[in-house]
Amino acid sequence: WGMSESSKATGLNLQKEWITRRDGLVRDAHMYMDGDRVLQDNDFNVQGYAMHYPGDSSNGAPAGLVCNCRCSMIFHEQRI
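Remember, predicted model here, so these are calculated numbers, not experimental data.

Participant: Can you walk me through the pattern of salt bridges in this structure?
Facilitator: For the structure on display, the rule yields four salt bridges. Its salt-bridge partner being E17, residue R37 comes within 3.6 Å of it at the nearest N-O pair. Placement of the pair is R37 in strand β2 (residues 37–39) and E17 in strand β1 (residues 14–19), with a sequence separation of 20 residues. The class for E17 is buried, based on a relative accessible area of 10%.

Below you can see the structure in the form of structure tokens.
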């Protein structure tokens, strides 16, 4: 959540990218998301659930998608 808020404060046009740990413990739904990019104000679509960031359950994502999530996200400047 903090990374999302601070990215908005930069005033830059950014994209966010979902990154997994890329090991044998990553759940299938998250492995599918690895490398997925969306605009910073958009949500990731994880098995039909809107997630602002890895581990986000604010839009109803079930425990199986958020509990013990080790994923992270990084930001990229969007070239216009």
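Participant: What should I look at first to understand the environment of D28 in this one?
Facilitator: With respect to the secondary-structure elements, D28 resides in helix α2 (residues 28–33). Put simply, D28 and Q78 are 50 residues apart on the chain and 28 Å apart in space, counted from C-alpha to C-alpha.

Each value, and the rule that gives it
Residues numbered from 1 in each chain as written. Predicted model: local features only at pLDDT ≥ 70, side-chain atom pairs only at ≥ 80, totals over all residues. Heavy atoms only, no water. Salt bridge = Lys/Arg side-chain N within 4 Å of Asp/Glu carboxyl O. Helix = DSSP H or I, 4+ residues; strand = E, 2+ residues; numbered from the N terminus. Buried < 20%, exposed > 50% of the residue type's maximum accessible area, 1.4 Å probe, protein only.

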